[in-house]
Every structure is written in C-alpha cells, then in structure tokens.
Protein chains: 2
Amino acid sequence: MKLIYTSASVFAPATVANVGCGFDVLGMAIDKPGDQVDIQVNSTHKEIRITQITGDDGRLPLDSTKNTASVALAHLLESIKWKGVGFDLQIHKQMPLGSGLGSSAASSVGALAAFNALLETPLSPSQLLLSAMEGERAACGSAHADNVAAGLFGGFVLIRDHDPVDVIPISTPENLYCTVVHPDLELNTADSRSVLKREIDLATAVKQWANVGGLIAGLLQKDLGLIRRSMVDHIIEPRRAALIPGFVEVKKAAMAADALGASISGAGPSIFALSDDAKKAKIIGERMQESFNSFQIASEVFVSRINQNGPIILDRA
Amino acid sequence: MKLIYTSASVFAPATVANVGCGFDVLGMAIDKPGDQVDIQVNSTHKEIRITQITGDDGRLPLDSTKNTASVALAHLLESIKWKGVGFDLQIHKQMPLGSGLGSSAASSVGALAAFNALLETPLSPSQLLLSAMEGERAACGSAHADNVAAGLFGGFVLIRDHDPVDVIPISTPENLYCTVVHPDLELNTADSRSVLKREIDLATAVKQWANVGGLIAGLLQKDLGLIRRSMVDHIIEPRRAALIPGFVEVKKAAMAADALGASISGAGPSIFALSDDAKKAKIIGERMQESFNSFQIASEVFVSRINQNGPIILDRA
C-alpha cells in the first residue's frame, strides 16, 4: 500500500436511496449536489484529524472519533493495517444536511476516495465499502449500505444483502435524468423510521416486490414504460408522505410534467423525480418548486443525470 | 377472425410458479411435462364440448362450464364475439394433477393455443392471457397469472401487476436447466395458502424484495452466481416446507449436487432445482429422488431447459 501523492481533493456525489419501491435495497448516485473532501499527508502525527469543515453551519463534529468521514477512513486504515503517516481532512459540505440525499454517505465516501487518490494502486469500491458503512454507523447508528454503495460505485445499485454485503450494479438508460427538490425542512432519519409499520400485509409486500423486479428489469432492458409502471411504492411512501408538507401536491406536479415517477429520496424530506429528457427534468424541477412555494416552503432544485462515476478526483499533488 | 384449419393438436408446457423468492409474481415454463390438447371444428353445434379427457383418472370435469380448458376458450370466444362454428376438445393430461406444476394452466393454455392454431392470423400471448386467467379462476377460484403467463409466453416471466395484468418476459441464460421432482403426494392449493401468514415483518419483506431484484438482475445479466445468491425465499418456503414430508432433506440433496437453488414449485408438493448444466440437472434429479425414497415416497423426475416457446403446435389439418 504505497502513497505516491501527498494531497488530493475529491468530489463525492449525493445519493438517492430507496428509489420508490426499493426501500433499503436500491440506491443511485446523482451528478450534483455532493461533497468535496480534501486530504493531506501529515507526517507530524499518525492520526486522522479533521482540520476544517465548511458549509455545515458548525453542526458537524470536528472530533475525528465522531465524524463520519474520519470514522470511515480510520476503519479502512485499521483494516489494511496502516502503519504510516497521519492524514488531515477538510470537508466542504456542498449539500444540505438531513436532506435525504445521503449527506453523511457523501462525506465518508469522499474521505475514503480522497485517501484512495493518494495510492499507487487504488482500492476498488468493494474494498472501501465496509469502511464507508462504518461511517454510516457513526452518523445514524446503523451500517446501511444503500447510500454509500451508490456513492462509491456510482450509477444505480441493488444492495441484495447486508450480511455479507452484496452490491449489484444495475446499468441504466443513458437518457435517464433525476430531478431532486430539497425543501427547506429538516427530518430526522429516526423520525422517518418510526412512522413505518413493522408488519405489513403479505398482499402488499407482493405488489412491492413485483415492482422492485419490474424496476430492475426496466432499467436493465432500457424500458422506460416499465420503469414508469414500476415506480410505485405501496409501503413506505404512504407512511412517510405525511411527514413532508405538500408531498402529495409536489409529486402530482412532477407527474403532471411527465416524470416517469417521483417519490421520497431516502428518508426525506427531499423528493426526487425520474424523467427521460434533460429539458423535461428541468421543467419538472420548476413545477415541483412552484408547488412547494404554494405551501410557503422554499426549496432548492438539482437536476442531473444518474452519476456513472462515483467519486471524482478533482486535484492531487 | 378466419379459421383456415379444421383441427389441431398442441402441447402446452408445465410451469413453475414463484421460483423461490418470487411468490405470486414469478413463473417459468419448462420443456416437460405438459398437456396435449386437441381441437376440431364441429359445425353441428355452436358450443365448446369436451369429448375426451385422458390421463386424469376420471377426476376432471367433462362439463364444459366447469373445465378450465373450455372455460378459458369460452371466455376467449366471447371476448372476440365469435359467431361461428362450435369446437370439440380432447385433453390429454400428460402431467400430474395438484402437483404444483400448473396442471390447470397447461390445460387452459393448451385449449387457447389449439384454437389459435386454427386461425389465419393467430392472436398474441397477451391477447390470450385474460382468457387463460379465467380458466385459472374456474380451477382454483382466483384468476392468477403466474402459471398461465409463463405457459403462454414461454420462458421466464414477471407478473408485475394483475390489474391490469402486466407480464414482463425475462430472458434467461441459455445453460439454465430446471429439475423438477414430483413426489407421490397431493396438496390442495387452498391448504398451501392457509399456512401463509397474512402479515409479515417489514425487515423480512425487504430481504425478499432484494432477492427478487437480484434474481431478475441475475437472469438478465446471465450472472449465475447472482442467481444462486438470490434463490432464497425467506417468507413462503419456511411456512410451506412442513407440508411436504422430506422437503428439507430433498432440497439439501439438490444443493449438495450443486444446484443454483431449489424450492417449492408453485404451491407444491413438487420441488424444483435450477442448475447450469444438463448432466448436473440429471444428477440433481437422481439425488432428490433418492432423498424422497428414504422417506418411502415415490417420485417422478423431469429434467428440462427453461421452455422458450410456450405452446407448440404438434399437428393441424
């Protein structure tokens, strides 16, 4: 494990988990927003230090035992039995916290990718995955893989299992666009989980797994009609919709503008919509924002393709 | 709608519904066993008559208002506003009844395909589907599509929805083989349904839809390892296994012989196993049969590829 650079700067993408029908098993990366993470070798200590966080209004911990980014990197260094230099990290949050866009995942994926960018022989996404999941555990108490796997691998992923973790990259149609609208509301993931029923009807579950199968088939076969028909969540969205003021109307606005489907991004409150055209994706965002406006809720719109790259190296030396 | 033949004979394949994780949404056709259905135009009456049934030990109704084959054909004739001649049908059961191999579906698909074989311009599988589902309603009280869709379309299908019915053909690896072992036991579909819980854990449902997604991706991407990992049913098999004496051991025998997966075919009692090689598929069948033997249960083994054709015209004039 040899370092050939002493500093690097990477961009790690935001991610949409669940993607409608795929609660806890589907995730996709989007081109924007995302986090920038910078790393420098620091030979004067052997630790991981977080020397700066911007864009978080002072809300994230600089304590490296608590920050998701440093926890993820510490886990990786331990797993590869790293005995060398220490590292300084700077996290530049370029996306909202608690938005349902995988903010913590972007930071831990960013830290791992930044370290990876220093290496002569970079590690694969699979080799970084468990460490990124440890970052999630630090952030929300549970080592979920849906956001971090999408962030590390890029594209659309199915998390078939968590034990052991089994990530299946799913190719997507080239003209698939994602519009994300982030309302100026903050939801706690724990709240979003608490509204879910622990038991569900078998008959409803059957409908859900039919749609998961349909969505996977639609993506792989580039069948936009099938994607559209499968983008229905019978289980989670009906429970969580009430937590997001205006959800029903905002979703309606997206569908009226010819979205293939729309639902809650992760645990919310962001709402995403899929569409088959860049111009349409932009209009969908405008309509969704207008709809939030009618509830006196300000919002931010992000339009992008499905990110195919995972983290990107912005600079290194 | 013009008839250009006066008689036809078709073969309609047996089908495996559920296919492990895909309760009520997945089905596949196999090359054998199946039913033969013969049809003749009969201008002396305007009805559908069942003039002969063989291979059923006298258990199936000759009454055309009750037999699944004639009910399906009657539904089709009504839906196309047929005003012409009547038809005589003969059903040659070449597969066990109540076996979990879609016996009723094979007969109704066979009758529809036999009529279709007489036409100048045959109807598509989609156009026959609702009528075949009516045959299922006559047979078991519920217009399920999993067996009839697999039988009509051939291959592997996802039934994404029943209302309206939405059948998604899923291509499969060429070297995918199916071994079916039918023990000399008879289960009633109603009994098999009654052991199922109406409510299931959300956490277990999540595992199930992850596997449905994985199986669809594995089939479409021809990834045998992924098919293997996804062939796990957390919900139905654990409840129904107890209805089939020896199930646990027979499945173990299949897996020990390198099956990709094994589970209950439809509502049982037949057990199917998937594998990636014809020779292996045969050996798997032998091992499964030996295992049933050790419980003093006689069984019949069928080894075939995934049927890619649906019904086949054997003869017409």
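Keep in mind the model is a prediction, meaning the values are calculated, not measured.

A. Just the overall build of chain A, in detail. A tally of helices and strands in chain A yields 10 helices and 12 strands. In terms of overall dimensions, chain A is globule-like: its C-alpha atoms have a radius of gyration of 19 Å, near the 20 Å expected for 317 residues. For the C-alpha atoms alone, the extent of chain A along its principal axes is close to 60 × 40 × 40 Å. Each of the 317 residues in chain A was classed as buried or not, and the buried ones make up 57%. Contacts in chain A between residues at least 24 apart in sequence constitute 74% of all its contacts with a sequence separation of at least 6.

B. Focus on the sheet that holds strand β10 (residues 271-275) of chain A. Residues and elements named next belong to chain A. Read across the sheet, 4 strands follow the order β9-β10-β7-β11 without closing on themselves; strand pairing throughout is antiparallel. Strands at the two margins of the open sheet, each flanked by one partner only, are β9 (261-264) and β11 (299-305). Sheet twist, expressed as the average angle between the axes of neighbouring strands with direction ignored, equals 20°. One ladder, built from 7 bridges, connects strand β7 (residues 177-183) with β11; its direction is antiparallel. In the sheet register, Cys178 faces β11, and the bridge partner there is Ser304. Packed on one face of the sheet, helix α9 (residues 247-256) meets β7, β9 and β10 and runs near 15° to β10.

C. Representation of the environment of B:Ser70 in the model. Residue and element names in this part refer to chain B. In this structure, Ser70 sits in helix α1 (residues 68-79). Looking at Ser70, the number of C-beta atoms within 10 Å reads 26, which means it is buried. Linking Ser70 and Ile235, residues 165 residues apart in sequence, is a C-alpha distance of 35 Å. The residues contacting Ser70, other than those within four sequence positions of it, are Ile48, Ile50, Ser64, Leu89 and Ala111.

D. Focus on the environment of B:Asp315. All names here are of chain B. On the secondary structure map, Asp315 appears in strand β12 (residues 312-316). Each C-alpha atom of the pair Asp315 and Ala117 lies 9.2 Å from the other, and the pair is 198 residues apart in sequence. Not counting the four nearest positions on each side in its chain, Asp315 is found in contact with Ala8 and Ser9.

E. Spotlight on the domain arrangement of chain A. All names here are of chain A. Structurally, chain A comprises domain 1 (7-171) and domain 2 (177-305). Computed from C-alpha coordinates alone, the two centres of domain 1 and domain 2 are separated by 24 Å. When contributions to the side of domain 1 that touches domain 2 are tallied by element, the ones reaching two or more residues are β1 (7-17), β2 (26-42) and β5 (156-162). Looking at side-chain class alone, the side of domain 1 that touches domain 2 contains 12 nonpolar, 9 polar and 2 charged residues.

F. Inspection of the relation of the copies chain B and chain A at higher detail. The operation relating chain B to chain A is a screw motion whose rotation component is 180°, with 0.0 Å of axial translation and a residual RMSD of 0.0 Å. Both copies of the chain, as the preceding transformation shows, are related through a two-fold rotation axis. When the interface residues of chain B are mapped onto chain A, 100% of them are again interface residues, pointing to one common binding face.

G. Local environment of helix α4 (residues 146-153) of chain B. All names here are of chain B. Within α4, 8 of the 8 residues are buried, leaving the element largely enclosed by the surrounding structure. The complete set of buried residues in α4 reads Asp146, Asn147, Val148, Ala149, Ala150, Gly151, Leu152 and Phe153. Buried residues along α4 sit against β1 (7-17), β2 (26-42), α2 (103-118), α3 (125-140), β5 (156-162) and β6 (165-170). Immediately beyond the C-terminal end of α4, within one or two residues, lies Gly154, with a positive phi of roughly 70°.

H. Examining the packing of helix α9 (residues 247-256) of chain B against helix α10 (residues 278-293) of chain B more closely. All names here are of chain B. Following both chains from N to C, one finds α9 and α10 inclined at 155°, their axes separated by 8 Å at the closest point. Classed by the angle they form, the pair α9 and α10 counts as roughly antiparallel. Handedness of the crossing formed by α9 with α10: right-handed. Along its contact with α9, which presents Glu249, Val250, Ala253, Ala254 and Ala256, the element α10 presents Ile284, Arg287, Met288, Glu290, Ser291 and Phe292. Grouping the amino acids of the contact of α9 with α10 by side-chain chemistry returns 7 nonpolar, 1 polar and 3 charged.

I. Structural context of helix α2 (residues 103-116) of chain A. Here α2(A) is 14 residues long and its end C-alpha atoms lie 20 Å apart, about the 20 Å a rise of 1.5 Å per residue gives. For α2(A), the tally of buried residues reaches 14 of 14 residues, placing the bulk of the element in the interior.

J. View of the interface of chain B and chain A. Counting from both sides, the interface comprises 33 residues of chain B and, opposite them, 33 residues of chain A. Those elements that place two or more of their residues in the side of chain B that touches chain A are β5, β6, β8 (199-201), α6 (202-220) and α7 (224-230) of chain B. In terms of residue count, the dominant contributor to the side of chain B that touches chain A is α6(B) (13 residues). Across the side of chain B that touches chain A, the residue classes break down as 18 nonpolar, 6 polar and 9 charged. Pairing geometry for strand β8 (residues 199-201) of chain A and β8(B), over 3 bridges, is antiparallel. Following the sheet pairing, A:Asp201 is matched in β8(B) by B:Glu199.

K. Geometry of the packing of α2(A) against helix α3 (residues 125-140) of chain A. Residue and element names in this part refer to chain A. Between α2 and α3, whose axes approach to 9 Å, the crossing angle comes to 145°. As for how α2 packs across α3, the hand of that crossing is right-handed. Every residue of α3 that contacts α2 at Ser104, Ala105, Ser108, Val109, Leu112 and Asn116 is listed here: Leu128, Ser131, Ala132, Gly135, Glu136, Ala139 and Cys140. Among the residues making up the contact of α2 with α3, the classes are represented as 7 nonpolar, 5 polar and 1 charged.

L. View of the confidence of the model for chain A. On average, residues of chain A score 96 in pLDDT, and 99% of them are at 70 or above. With a pTM of 0.96, the predicted complex shows an ipTM of 0.96.

M. Representation of the nonpolar core in the model. A:Leu73 and B:Leu73 are the most contacted members of the largest nonpolar core, which has 208 residues in total. If near-sequence neighbours (up to four positions away) are discounted, A:Leu73 is found in contact with A:Ile48, A:Phe87, A:Ala111, A:Leu112 and A:Phe115.

N. Spotlight on the pairing of β5(A). Residue and element names in this part refer to chain A. Most of β5 is tucked away: 5 of the 7 residues are buried. Both β2 and β5 contribute to a ladder of 3 bridges, which runs antiparallel. What sits directly across from Leu26, in β5, is Leu158. Between the antiparallel neighbours β5 and strand β6 (residues 165-170) lie 2 residues.

O. Summary view of unusual backbone geometry. Residues and elements named next belong to chain B. With an omega of -5°, the peptide bond running from Asp163 to Pro164 counts as cis. Here Pro164 shows up in the loop between β5 and β6. A cis amide bond links Gly268 to the next residue, Pro269, at an omega of 5°. Mapped onto the elements, Pro269 comes out in the loop between β9 (261-264) and β10 (271-275). Notably, Lys222 is not glycine yet its phi reads approximately 55°, a positive angle. When you line up the elements, Lys222 lands in the loop between α6 and α7.

The rules behind the values
- Residues numbered from 1 in each chain as written.
- Chains lettered and ligands numbered in written order.
- Predicted model: local features only at pLDDT ≥ 70, side-chain atom pairs only at ≥ 80, totals over all residues.
- Helix = DSSP H or I, 4+ residues; strand = E, 2+ residues; numbered from the N terminus.
- Rg over C-alpha atoms; globule rule 2.2 N^0.38 Å.
- Buried ≥ 20, exposed ≤ 12 C-beta atoms within 10 Å, placed from the backbone.
- Contact = placed C-beta atoms within 7 Å.
- Pairing = 2+ DSSP bridges.
- Axes fitted to C-alpha atoms, helices over the stretch in contact; angles between N-to-C directions.
- Domains from an automatic or database assignment.
- Nonpolar A, V, L, I, M, F, W, Y, C, P; charged D, E, K, R; others polar.
- Least-squares fit on C-alpha atoms with pLDDT ≥ 70 in both.
- Parallel < 35°, antiparallel > 145°, perpendicular 65-115°, else oblique.
- Left-handed = near helix turned anticlockwise from the far one by under 90°.
- Expected span 1.5 Å × (residues − 1).
- pLDDT = per-residue confidence, 0-100.
- Core = buried A, V, L, I, M, F, W, Y, C linked by C-beta atoms within 7 Å.

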